[in-house]
Structures are given as structure tokens and as C-alpha cells.
Amino acid sequence: MDFDFDSNQLALRDSIKRYMKAEIGPRIAACEADRRIPLDVLQGLAQFGYIGGLLPEDDGGFDLDFVTWAMMIEEAGYCWGSLRTILNITNIFLRLVNAYGTPAQKAAFLQPVLASTRNVCVAISEPNHGSNVAGIEFKAEDRGDHYLLTGNKLWITNGVNADYAIVLARTFSPACEGKLSLFLVDREQSPYEARLVDKMVLKASGTAELGFDGVRVPKQNLLGTEGGALKTMLTGLNYGRLNIAMGAVGAAQAALDLSIEYAKTRRQFGRPIGEFQLIQKHIVDMMVRTEAARALGYKAAVAVQKGLPARVECSIAKLYGAEAAHEVAKIALSVHGGLGYSTEYPLERIFRDTSGGTIPEGTAEVQTLIVGREVLGLSAINAAGAAQ
């Protein structure tokens, strides 16, 4: 399958590369230390279509095709894993509001996010439930003109910084007895607790535990229909998996490029280490994994663009790409020796960040079961609401 870019795509990619290197790269260390990405970073990236790029132009987006979007996410992953993650969450929020929001909800929530004046999160996972969405315990109770939201959410990307949240809850009302619904929560209007969860990966992504203790949310903030959230969430899984897959490709390419440069310039025993056979094998192994992940990622992007179900393509791309990126980063450490462990050098961060790619948007194990089900026509996924 041919994934050659046209002249417009190549020009866009070159502009993004230059911008990322000049404007984003120098800020990474400070943002990692602060555990957050300031909104002005997103504002600067908006010019390329990174904020709402997949939305129709009439709704404030760029109406980008998925191959172009995949290329852009690859470049974001090349630059910085935390940035790729925040872009993913921001665009998931925008897609959900644009697809299922009322005119009033779009007016209130879309424009501030498109303008990058508000941070957002999407709160799905809980302390006891990740891939098994059917096990959600978080509750929303109908109280007439409002809902009461009660429970905890965990591992919520950008949760500590978010002004707006989309929250998944098991809903109890006269018309809905325990099915899942989505709610738009304005943190200023409906205050909830947010605790930073520090972790070894994606340190600037603002991961949080959210606590809701009878938080009042206006009735008009129901997103979509009561009880319709499971179908809504499942239809968007391909977008997230493609995002992770292409971000992983970018991270792998970054580790490979660093290793090629180091192998050419680092000298031992009077010659560049790139002349050593084992170093060349390392470089080739890294390149093979990166190119394979890239081909799978763009194959998935084409399938999504064509309107195909793309479950297998996106699951394979995410499964292989996430694991390959971390393996490439691991090999890169071998090429670099002690330098690779220095926090003053980007490889250490790439190694840490790629170690977390197998978990979000369905773990590697879940992706394996999804592909196995499609190939065999037999399901090994027992939980009806497991991420699929």
C-alpha cells in the first residue's frame, strides 16, 4: 500500500518539524518539571490543525483526512510523548461534544477549547475498572433539575489541570436504571477534587485522580442520551488507538535518529562505533521495527479514512506500534551506553514514555483478544463492556 505524501502534506510536515524543534523542544524540560503543558503551547500548535483538526470546517475544525492527521500525530510523538497525549485527549473531547452535544453545549464548551483557553479531560477509568467499562461504579443520580455525581476516577490524563471534563457514569433515573451516560462537567460550576498522580511516564500530562462527592451537574449537561454512552465510547476507540500507534512511531523514529547520530560521532578504539557489527545490527533492528510500525499505522489510517470498521487495523497498529517503540528505545539505550540514562539527554524520557503506550485505549492483552476474535470468529472477551 502506497503512503506517499503529496506536496501539501510534505510542506505541512516540514513546517511542523521546524516549529516543534524551535518552539516546543526548548520547553520540554520545564514542562516535565512542572507536570503540565501550558495552554499557550496548544495555542501555538493550533495553526497546524492540531486542535480540532478532524472536525468539519463549519464547526471550527480543519476537516483533515486521517492520513494527514496520522502524519501530524507521528510528528507530535517524535517531539514529546506528553504533548501527543494531551492532543489526543483534547481532540477526543472536541469530537464527542461536536458529535453528540446540543447547540447550547457546543456554544458553551467547543469554542473555548478550540481557542485553547480551557483545559479538558475525559474521565473513564476508575480505581477498580480500566478496560472493563461495563464494571463502572461511578454514579449519576437524577434529582429533578440536576444530577448528583458520586465516585472516583483514576488515571485521568490532564485531570489535574482540566477546566472541563467529560465523565462516564452509571445513571439512575426514571428512564435509565444503571446504564452508562456521559456528562459535561464545568469544574468552576460543579467543583470536584483533583489529585495529581505522579508517575514514571508522560510526566507533563497532568494525570489525576478525581473525586466527586455528590457534585451537582445541571440536567442540560447530559451529553447525548441517558444510557447511550457505551455505544458512543466504543465508536471512538479507533481514533484513540490510531493516535497512540502513530505517536509510538514518532517516538521510535526519534530514538532511532538519536542512535544513528550517536553511532556516527561516538568513537571507541580509534573509530566511530557505527563501524562495529553489533552496533549496525542494533541500528537495523531499530529501523525494521520502526518501519513496520509506521506501515501498520498508516494502513490503519487509510482504513479509517475509507470508513471501514478498521477494528483489526487499529488494534494491530496500536498493539505492535506501542510495543515496538519501547523495544526500539531499549535498543537505543544499548547503543548509547551510559549517556542514554542521563536525564539531560532525551533518550531517557523516550524510554520511560514508550513504556506506558501498551496500556491506554485498551491494553496490549485486550488488543490481542480483539484481533483474535476477528480472526477466529470466537470471542475470548468475557466482559461485555470490555474495551473493544
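Just so it is clear, the model here is predicted, and its values are computed rather than measured.

Asks: So what's going on with the overall build of the protein? Which residues, and what values?
Replies: The helix and strand tally for the protein stands at 12 helices and 10 strands. A compact globule built from 388 residues would reach a C-alpha radius of gyration of about 21 Å, and the protein, at 21 Å, matches this within 12%. Overall size of the protein, expressed as C-alpha extent along the three principal axes, is 80 × 50 × 40 Å. Counting every position in the protein, which comprises 388 residues, the buried fraction comes to 55%.

Asks: Residue-level account of the state of the cysteines, with values.
Replies: Counted under the stated rule, the structure contains 0 disulfides. In this structure Cys 79 is not part of a disulfide, and its nearest cysteine sulfur, from Cys 31, lies 10 Å away. Cysteine Cys 121 shares no disulfide, and the gap to the nearest cysteine sulfur, in Cys 31, comes to 19 Å. On the basis of relative accessible area, Cys 121 is assigned to the buried category, the value being 0%.

Asks: Requested: an account of the nonpolar core, with residues and values cited.
Replies: One finds Tyr 50, Leu 83, Phe 93 and Leu 149 to be the most contacted residues of the largest nonpolar core, which totals 91 residues. Not counting residues up to four positions away in its chain, the partners in contact with Phe 93 are Phe 109, Val 113, Val 120, Cys 121, Val 122, Tyr 164, Ala 165, Ile 166 and Leu 184. Membership of the second largest hydrophobic core comes to 21 residues, among which are Ala 248, Ala 251, Ala 254 and Ala 255.

Asks: Describe the packing of aromatic side chains, with residues and values.
Replies: All told, the structure shown has 9 aromatic pairs when counted by the stated rule. Seen in terms of ring centroids, Phe 5 and Tyr 298 are 5.6 Å apart; in terms of plane orientation they differ by 70°. Their pairing is edge-to-face. Highlighted residues: Phe 5 in the segment before α1 (7–24) and Tyr 298 in helix α9 (residues 277–305), separated in sequence by 293 residues. For the pair Phe 5 and Tyr 298, a shared accessibility class is recorded, and that class is buried. These aromatic residues form a ring-pair network of at least three members: Phe 138, Tyr 192 and Phe 212. Just above the ring of Tyr 78 sits the side chain of Lys 17; from NZ or CZ to the centre is 5.2 Å.

Asks: Describe in detail the UniProt feature "domain: Acyl-CoA dehydrogenase/oxidase N-terminal" (unreviewed entry) in the protein, supporting the description with residues and values.
Replies: The positions that UniProt labels "domain: Acyl-CoA dehydrogenase/oxidase N-terminal" (unreviewed entry) are, in the present scheme, residues 8–115. For residues 8–115, helix accounts for 71% and strand for 0%, while the C-alpha atoms at its two ends are 24 Å apart.

Asks: Go over the pairing of strand β5 (residues 176–186) with me, naming the residues and quoting the values.
Replies: Where burial is concerned, most of β5 is hidden: 9 out of the 11 residues are buried. When strand β4 (residues 164–173) meets β5, the two strands line up antiparallel, connected through 10 bridges. What sits directly across from Ala 169, in β5, is Ser 181. Pairing geometry for β5 and strand β8 (residues 222–223), over 2 bridges, is antiparallel.

Asks: Describe the pattern of salt bridges, and please don't skip the residues or the numbers.
Replies: Should their charged atoms come close, side chains of opposite charge can pair. The tally for this structure, following the rule as stated, stands at 13 salt bridges. A salt bridge links Glu 126 to Lys 153; the nearest nitrogen and oxygen atoms lie 3.0 Å apart. Placement of the pair is Glu 126 in the loop between β1 (120–123) and β2 (139–142) and Lys 153 in strand β3 (residues 146–156), with a sequence separation of 27 residues. The pair formed by Glu 126 and Lys 153 is uniform in burial state, with each residue classed as buried. Taking the shortest distance from any N to any O, the salt bridge between Glu 291 and Arg 294 comes out at 2.9 Å. Pair noted here: Glu 291 and Arg 294 are both in helix α9, with a separation of 3 residues, about one helical turn. Within this structure, Glu 32, Glu 348 and Arg 352 form a network of salt bridges that share partners.

Asks: An account of the environment of Phe 48 is requested, with residue identities and associated values reported.
Replies: As for its position among the elements, Phe 48 is in the loop between α3 (39–45) and α4 (66–79). What makes Phe 48 buried here is its relative accessible area of 11%. Sequence separation between Phe 48 and Ser 379 is 331 residues, and the spatial gap between their C-alpha atoms is 41 Å. The contact partners of Phe 48, leaving out residues within four places of it in the chain, are Leu 12, Ser 15, Ile 16, Tyr 19 and Met 72.

Asks: Pulling in residues and values, what's your account of helix α11 (residues 346–354)?
Replies: Count 3.6 residues to each turn of an α-helix, and residues three or four apart come out pointing the same way. For α11, the buried fraction is high: 7 of the 9 residues fall into the buried class. Regarding α11, the residues found buried are Leu 347, Glu 348, Arg 349, Ile 350, Arg 352, Asp 353 and Thr 354. Packing partners of the buried residues in α11 comprise α2 (28–34), α4, α5 (81–100), α8 (237–265) and α10 (311–336).

Asks: I'd like a rundown of helix α6 (residues 103–114), residues and numbers included.
Replies: Under the 1.5 Å per step criterion, the end-to-end length of α6 is 16 Å for 12 residues, consistent within 8% with the ideal 16 Å. Turning to α6, its buried residues are Gln 105, Phe 109, Leu 110, Pro 112, Val 113 and Leu 114. Check the buried side of α6 and you find it contacts α5, β1, β4, β5 and β8. Downstream of α6 by one or two residues, Ser 116 has phi in the positive range, about 55°.

Asks: Please set out the pairing of β3 residue by residue, giving values where relevant.
Replies: Among the 11 residues in β3, 8 count as buried, and that is most of the element. Where β3 meets strand β7 (residues 208–218), 9 bridges bridge the pair, whose relative direction is antiparallel. Looking at the pairing, Leu 149 lines up with Val 215 of β7.

The rules behind these values
Residues numbered from 1 in each chain as written. Predicted model: local features only at pLDDT ≥ 70, side-chain atom pairs only at ≥ 80, totals over all residues. Heavy atoms only, no water. Helix = DSSP H or I, 4+ residues; strand = E, 2+ residues; numbered from the N terminus. Rg over C-alpha atoms; globule rule 2.2 N^0.38 Å. Buried < 20%, exposed > 50% of the residue type's maximum accessible area, 1.4 Å probe, protein only. Disulfide = S-S within 2.5 Å. Core = buried A, V, L, I, M, F, W, Y, C linked by side-chain atoms within 4.5 Å. Contact = heavy atoms within 4.5 Å. Phe/Tyr/Trp six-rings, centres within 6.5 Å; stacked < 30°, edge-to-face > 60°. Lys NZ or Arg CZ within 6 Å of the ring centre and 35° of its normal. UniProt positions renumbered as here; feature names shortened; annotations may be inferred. Pairing = 2+ DSSP bridges. Salt bridge = Lys/Arg side-chain N within 4 Å of Asp/Glu carboxyl O. Expected span 1.5 Å × (residues − 1).

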